[in-house]
Amino acid sequence: MAEQVATFPAKYGRAPQLTVILVGEDPASQTYVRNKAKACEVVGIDNTTLRMSADTTEEELLATIDRLNKDESVDGILVQLPVPKHISEVKVIEAIAKEKDVDGFHPLNTAALWQKKPNSSCVVPCTPKGCIRLLDAAGVEIAGKNAVVIGRSQIVGLPAAKLLLDRNATVSICHSRTSNLAEMTRQADILIVAIGKAKFVTGDMVKEGAAVIDVGMDRDENGALCGDVDFASVEPKASVITPVPGGVGPMTICCLMENTIQCFLNKVQKA
Ligand code: GUN
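Residues numbered from 1 in each chain as written. Predicted model: local features only at pLDDT ≥ 70, side-chain atom pairs only at ≥ 80, totals over all residues. Heavy atoms only, no water.

K.L.:
How do you make sense of the sheet that holds strand β3 (residues 76-79) when you look at a structure like this?
P.N.:
Strands in a sheet are paired, the pairing made by backbone hydrogen bonds, and the direction either parallel or antiparallel. Strand order in the open sheet formed by three strands is β2-β1-β3, with parallel pairing between adjacent strands. Unpaired on one side and paired on the other, β2 (46-52) and β3 mark the two borders of the sheet. Strand after strand, the sheet turns through a mean of 15 degrees between neighbouring axes, direction not considered. Of the strand pairs in this sheet, strand β1 (residues 17-23) and β2 are connected by seven bridges, and their pairing is parallel. Counterpart to Leu22 in the pairing with β2 is Arg51. Contacting β1, β2 and β3, helix α3 (residues 27-43) crosses the sheet at an angle of about 160 degrees to β2. (Pairing = 2+ DSSP bridges. Helix = DSSP H or I, 4+ residues; strand = E, 2+ residues; numbered from the N terminus. Axes fitted to C-alpha atoms, helices over the stretch in contact; angles between N-to-C directions. Contact = heavy atoms within 4.5 Å.)

What follows is the structure, given as structure tokens:
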């Protein structure tokens, strides 16, 4: 990716630019935002992190987004979620110009993804895109397999289910209110877990040979970082499994770099 980006200044006059906005001091978000900036440096993407105080008003944040939407030198805008409770996440997502929406969360990008055959220029949310990338890299066959997604969020669960469907998996979306969850997960050849509960999926819930992707970023009873999957009991049964940390997270950032390049190229190649 860095080699590709290195050719852009000669070809297009400049490198891509990503602006990340962080509102408040949430420690996990601070880490994520720092990692995104580091990745930009490695790839050669110009980047700015705008740190706004936790008492920033919704109006101020929307005005900042509006300014960035109009700024020709900015190709990608990412507002780190969650935003403080007094700010509407929906309004923030809708305010970002769809052409600069590197997260792929804008309703028009969501709608594009949910077409029967999504257009290849559609911006796909980074985490589920990364999950599919990991399955492909591990050589996991997706077509015709039973895939179970635990979690129905806009950021991960819903788009992950659509991406698996697009690859011809038979997809079930489970969640906190699913009554026969273990029965469902035991059918899964591919299990993507994004429920936000530490070590929620245990070995007895997993089919022998399943591919397990853990999107969780939780703390265990000792305060140590862990995923939604109980790695110790699931790993012996899984054919492949992602660790936490060091699994989905880095791949998500990689996909964010790709999405930023995609937004940049869409713009400069149209000009
Ligand atoms: N917070 C947790 N994951 C994400 C993500 O993929 N994008 C944004 N903007 N915020 C997040």
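K.L.:
What is the right way to read empty space enclosed by the protein from this model?
P.N.:
Unoccupied space between atoms shows up once a probe the size of one water molecule is rolled over them. The final tally for this structure, using the stated rule, is one cavity of 30 Å³ or more. What lines the largest cavity is simply Val79, Leu81, Val92, Ile93, Ile96, Asp101, Asp103, Phe105 and His106. Of the residues contributing to the lining of the largest cavity, the split by class is six nonpolar, one polar and two charged. (1 Å grid on protein atoms, 1.4 Å probe; cavity = no way out; pocket = protein on both sides within 12 Å on 5 of 7 lines; lining within 4 Å. Points joined across faces, edges and corners; volume = space filled by probe spheres on them. Nonpolar A, V, L, I, M, F, W, Y, C, P; charged D, E, K, R; others polar.)

K.L.:
Mind showing me how you'd approach the environment of Val124 here?
P.N.:
For Val124, the location among the structural elements is in the loop between α6 (107-113) and α7 (126-137). Sequence separation between Val124 and Pro159 is 35 residues; the distance between their C-alpha atoms is 8.0 Å. If we skip the residues at most four places from it in the chain, Val124 touches Asp103, Leu113, Lys129, Leu163 and Asn259.

K.L.:
Looking at this model, I keep getting lost on unusual backbone geometry. Mind explaining?
P.N.:
The bulk of non-glycine residues show a negative phi, and the bulk of peptide bonds are trans. Pro82 follows Leu81 through a cis peptide bond whose omega is 0 degrees. Counting through the fold element by element, Pro82 comes out in the loop between β3 and α5 (89-95). Between Val244 and Pro245 the backbone carries a cis peptide bond, its omega angle lying at -5 degrees. Relative to the elements of secondary structure, Pro245 occurs in the loop between β10 (240-241) and α11 (248-270). The phi torsion at Asn168 lies on the positive side, around 70 degrees, for a residue other than glycine. Within the secondary structure layout, Asn168 lies in the loop between α8 (157-166) and β5 (170-174).

K.L.:
What is the right way to read the site of the ligand from this model?
P.N.:
As a matter of local geometry, the ligand sits amid Leu78, Val79, Gln80, Leu81, Asp103, Phe105 and Ile155. Residue Leu81 places a main-chain N or O atom 2.9 Å away from a nitrogen atom belonging to the ligand. In the environment of the ligand, a nitrogen atom lies 2.7 Å from a nitrogen or oxygen atom belonging to the side chain of Asp103. If you map the ligand onto the pockets, it falls in the largest pocket. When its residues are assigned to classes, the shell around the ligand shows five nonpolar, one polar and one charged. (Near = heavy atom within 4 Å. Polar contact = N/O pair within 3.5 Å; in protein donor to acceptor, adjacent residues only side chain to side chain. Sits in = over half its atoms within 2 Å of the grid points.)

K.L.:
What is the right way to read the pairing of β5 from this model?
P.N.:
One face of the sheet, then the other: side chains in a regular strand alternate in exactly this way. Here strand β4 (residues 146-150) pairs with β5 via five bridges, running parallel. In the sheet register, Val148 faces β5, and the bridge partner there is Ser172.

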